[in-house]
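Here is what each chain is made of, one letter per residue.
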Amino acid sequence: MRHHVRLFVATWAVLLLLLGGTWGAAMLPLNETWSVVCNMGFAAAKTAIVAWLFMHLNESTGLTRVAAIAAIPFLFSLGLVTLLDVLFRVP
Amino acid sequence: MTRPLPGAEGVAVQEQYESADQQMSANRLGMWVFLASEVMLFGGFFLGFLVYRVMHPQGFEEAASHTDLLIGTVNTVVLLTSSLTVALAVTAVRHGRRGMGIGCLAATVGLGAAFLALKGYEYWKEYGEGLMPHAGKPFPLHEEGTMLFFNLYFAATGLHAAHLTLGIVMMSTIAVLWAVRGTARVPELVESGALYWHLIDVIWIWLYPLIYLAGR
Amino acid sequence: MTATATNPASQRPTYLNHAYTLWSWLSTTDHKRIGMLYLGTLTLMFFIGGLAATLIRLELMTPVGDVLSADGYNKVFTIHGVIMVWFFLVPSIPNTLGNFILPLMIGARDLAFPRLNLASWYIFVAASIMALYFLLAGGVDTGWTFYTPYSSMFSNSNVTGVIAAVFIVGFSSIATGVNFIVTIHKMRAPGMTWFRMPILCWSLYATSLVIVLATPVLAISLLLVALERVAGVGIFDPALGGDPLLFQHLFWFYSHPAVYIMILPGMGVTTEIIACFARRRIFGYRFIAFSSMAIALIGFGVWGHHMFVAGQSAVAAIVFSLMSFLIAVPSAIKVYTWTATLYKGDIRMAAPLVYALSFIVLFVIGGITGLILASLALDVHVTDTYFVISHFHFIMVGASVSAYMGGLHFWWPKMTGRMYAERPALLAALFIGIGFVLTFLPQFWAGYLGMPRRYHEYPDEFQVLNVMSSAGAGILGLGYAMPLFYLTWSLRHGEPAGDNPWQATGLEWSVPSPPPKHNFVEIPVVEHEAYSYRPFGAQGSERVESDEEIQR
């Protein structure tokens with residue numbers, strides 16, 4: 001019990017640090033690509049931590065872990081193929 | 001399954017199940033599968049932000065610079081903290097700590113309400129600036145795509161706020177059930193509710209950079 | 001267990017006779033009763049959608065608009081599309097047969113979430129009433145596709161109401177999808193490994209994956225259209241720089257996989273029927289199981305073939321075209337495995353098999369014309385013509401509804417404890433097969449010659465083809481109406497069916513017909529592969545696999 005409380009408080013602290021990182025990176029004079037990479041990278045890191053620890057994926061079965069990431073490839077393909085349209089459309 | 005799942009002790013087993021373990025793991029899987037569908041729901045907004053930013057990069061950057069970064073960031077802190085309290089509520093229910101659990105749920109509800117209040121204030125400010133569609137004021141930005149950004153922003157944050165409101169209702173109900181009726185169905189409810197709450201947090205984690213940080 | 005089966009309902013408690021009140025049905029959480037509730041509701045919706053189809057075919061008998069006004073015609077084909085797609089075809093097999101059979105097949109007492117299952121029915125009924133109200137009182141003229149900007153900015157019809165109904169019925173779909181996925185993962189009886197499951201379970205699993213991952217994307221696209229209409233929050237508005245094609249991407253990301261939601265369960269049902277009536281183990285079990293999964297997954301990458309002429313980029317179009325060709329591979333694998341199963345089988349022509357064979361024929365015709373539509377250049381010629389109409393009706397109606405009918409006949413004895421009358425059943429199957437082909441085959445010609453969809457008038461030279469089509473629709477309608485009578489008749493007057501009238505394998509046939517409330521007195525232990533069929537009369541006995549052998 002105490003172990004979990006400590007773990008979760010530490011997790012929360014790391015999440016706030018990452019949020020600070022996100023904010024800090026956004027203040028840096030990065031070009032558009034790098035700023036998008038930073039934003040998405042920090043968001044992915046925060047998501048992974050929330051899912052792994054807060055949502056107990058660390059103690060879940062493989063099946064639950066698969067269910068947890070199941071939507072990602074579909075979302076990714078939705079975005080990717082739509083981008084293939086948007087990026088290469090003849091005006 | 002050899003070792004019992006955490007929190008499976010003392011759970012009332014429904015008649016379609018053979019054991020508490022089977023019931024708990026079915027509940028968890030069901031919740032995760034439902035969350036996958038929620039992710040796809042918000043996926044529509046993520047796609048919208050992606051496609052329209054590619055189409056109107058200047059418009060999106062200009063529009064994003066008119067959002068309130070401070071409120072957005074504070075709200076992110078609020079939601080991340082509420083994720084902590086709801087995770088602690090799960091720990092409490094697994095160890096049978098009723099007082100701590102109800103306290104954590106109350107804190108979660110409070111933080112959720114604080115988020116909504118801040119969001120409401122932000123909407124009100126944006127209404128004042130004429131950024132809200134049909135606000136009766138002239139839209140102040142002229143770059144193509146700026147209005148699109150704000151429409152997408154209001155739709156996405158509105159749907160997110162609706163989810164959060166539902167989460168608040170769920171969490172309050174569970175807390176009351178726990179306080180009044182004891183622990184019969186509470187462990188499963190807290191676990192499922194917590195997963196849902198964390199997902200609302202995760203959605204916000206992605207909306208935050210898409211809305212507030214574009215082109216800062 | 002077999003000895004008690006001759007007199008089904010009177011002595012033994014079944015799911016039907018343990019309570020008779022209306023409330024016992026409306027508050028039931030029994031998957032079998034909920035399946036029956038869905039059967040009733042969906043039959044009603046099917047005939048309402050069919051009535052709209054009748055009006056369409058009546059209108060198209062003549063080249064001039066004499067039955068309906070142009071606007072009335074728009075509203076009627078929208079009724080037909082919306083009702084048939086969301087309120088019949090998507091839930092048809094999963095929510096009736098799937099609900100009833102899936103737990104029995106895998107040896108479970110119920111679905112994982114029985115109350116959610118009941119809730120899904122109530123949501124469905126509420127959404128149906130809402131949809132019917134808005135479609136009939138005022139109507140909608142956008143077609144079932146709700147394309148923007150027409151739907152969001154110009155149409156003066158009840159678009160918002162119908163969108164809300166479709167949005168709500170999505171919850172019902174998702175609830176069923178989640179329920180099936182969890183049930184198949186968590187509720188299988190001991191020994192019921194993944195590769196011992198009947199193929200229908202695999203196809204219901206694949207269907208559920210598509211439901212869970214695609215339906216929310218439809219929900220969001222419709223929600224955004226509604227927001228644009230109601231609150232003026234323009235998301236797809238070209239005047240703001242918005243992109244109507246984004247709506248089409250979101251819409252078809254659901255609506256193409258939705259076709260697989262409609263056809264995959266039909267493939268599963270067909271597999272069950274063919275194995276049983278050919279008395280053979282299904283050929284290539286793993287191929288057919290994995291091809292269901294492959295169809296579900298690849299099905300998510302083909303949506304843009306609905307947009308070849310809509311102005312999407314050539315790069316995207318090529319990708320979508322390739323993916324659309326690719327999905328023909330697992331579909332073809334299934335057709336080959338069914339054919340190979342039939343080959344040298346001990347075939348008995350009963351009504352379910354006739355439906356299953358219709359399924360294969362109609363599916364092949366629909367599938368091959370699909371390849372024409374997947375080819376970029378050919379598609380330009382036939383887009384938005386009756387060629388497309390005919391193609392997707394072959395798959396979604398011809399094949400899918402044949403499988404639904406086949407499954408209904410196949411499991412009818414299990415569901416009701418009574419046999420239907422074989423002769424009218426064969427006749428109905430024949431009417432449906434012939435009527436269907438006569439209705440839709442001429443439309444390929446009409447479409448290829450350039451007759452566009454969604455008009456109530458057409459040039460004179462298309463009249464012969466259209467009259468043929470309408471005549472076929474008459475036969476088809478008769479075929480669809482017949483089961484309503486002889487199946488209802490069998491409820492009271494049918495021969496008692498016995499536990500296993502088809503001598504089929506599978507756990508659902510090891511319990512009495514109709515099954516008791518909680519399906520199994522004791523959860524069975526499975527020790528055999530699915531489909532351990534032997535020919536009729538092999539080893540001097542009609543019984544192929546004793547219940548004890550399966551159940552132990």
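Position labels on residues start from 1 in each chain and follow its written sequence. As a convention, the first chain written is A and the first ligand written is 1, with the rest following in written order. Local features are withheld for residues below a pLDDT of 70 in this predicted model, meaning they are given only at 70 or higher, and side-chain atom pairs are given and counted only at 80 or more; totals for whole chains, interfaces and linings count all residues. Excluded from the side-chain calculations are hydrogens and water; all other atoms, namely the structure's heavy atoms, are used.

(A) Quick look at the interface of chain B and chain A. Contacts: residue pairs with any heavy atoms within 4.5 Å of one another. On the side of chain A, 41 residues touch chain B, which itself brings 45 residues to the contact. With both chains or domains summed, chain B and chain A bury close to 3900 Å², and 80% of this area falls on carbon and sulfur atoms. Summed over both partners, the accessible area lost on bringing two parts together, with a 1.4 Å probe, is the buried area. On the chain B side of the interface with chain A, the three residues burying the most area are Trp-32, Leu-80 and Trp-206 of chain B, jointly 16% of the side's total. Salt-bridge detection follows one rule: a side-chain nitrogen of Lys or Arg within 4 Å of a carboxyl oxygen of Asp or Glu. Along the contact surface separating chain B from chain A lie two salt bridges. Measuring nitrogen to oxygen at the nearest pair gives 2.6 Å for the salt bridge that ties Glu-59 of chain A to Arg-94 of chain B. Counting of polar contacts relies on pairs of N or O atoms within 3.5 Å, with two restrictions inside protein: one atom must be capable of donating a hydrogen and the other of accepting it, and residues adjacent in sequence are counted only when both atoms are side-chain atoms. For the interface between chain B and chain A, the tally reads four residue pairs in polar contact (both at pLDDT 80 or more). A run of DSSP states H or I qualifies as a helix once it reaches four residues; a run of E qualifies as a strand once it reaches two. Both are numbered from the N-terminal end. Sorting the residues of the side of chain B that touches chain A by element identifies α1 (20–55), α3 (69–94) and α6 (186–212) of chain B as the ones contributing at least two each. In terms of residues, the side of chain B that touches chain A owes the most to one element, α1 of chain B, which gives 15 residues.

(B) Representation of the pattern of salt bridges in the model. Counted by the stated rule, this structure contains 14 salt bridges over all chains. Here Asp-68 of chain B makes a salt bridge to Lys-125 of chain B, at a shortest N to O gap of 2.4 Å. Remark: Lys-125 of chain B occurs in helix α4 (residues 98–129) and Asp-68 of chain B occurs in the loop between α2 (57–64) and α3; sequence separation between them is 57 residues. Partly exposed describes any residue whose relative accessible area lies between the buried limit of under 20% and the exposed limit of over 50%, with all areas from a 1.4 Å probe on protein chains only and scaled to the type maximum. Residue Lys-125 of chain B is classed as partly exposed on the basis of its relative accessible area of 28%. Residue Asp-384 of chain C pairs with Arg-453 of chain C through a salt bridge whose shortest N-O separation is 3.8 Å. Of the two residues, Asp-384 of chain C is situated in the loop between α14 (376–382) and α15 (386–416) and Arg-453 of chain C in the loop between α16 (422–448) and α17 (463–493); the sequence distance between them amounts to 69 residues. Taking relative accessible area as the criterion, Arg-453 of chain C reaches 17% and is therefore assigned buried. Through salt bridges with shared partners, a single ionic network connects Glu-59 of chain A together with Arg-28, Arg-94 and Glu-191 of chain B.

(C) Summary view of the UniProt feature "domain: Cytochrome oxidase subunit I profile" (unreviewed entry) in chain C. UniProt's entry tags residues 19–527 of chain C with the feature "domain: Cytochrome oxidase subunit I profile" (unreviewed entry), counted in the numbering of this structure. Structurally, residues 19–527 of chain C comprises 70% helix and 0% strand, and the distance from its first C-alpha atom to its last is 35 Å. UniProt positions are given in the numbering used here, feature names are shortened, and annotations may be inferred rather than shown by experiment.

(D) Broad picture of the interface of chain A and chain C. At the interface, 11 residues of chain A touch 18 residues of chain C. Summed over both partners, the interface of chain A with chain C comes to about 1400 Å²; 77% of that surface belongs to carbon and sulfur atoms. When the buried surface of chain A facing chain C is broken down by residue, Phe-74, Leu-78 and Arg-89 of chain A rank first, second and third, together holding 40% of it. Our count for the contact surface shared by chain A and chain C stands at one salt bridge.

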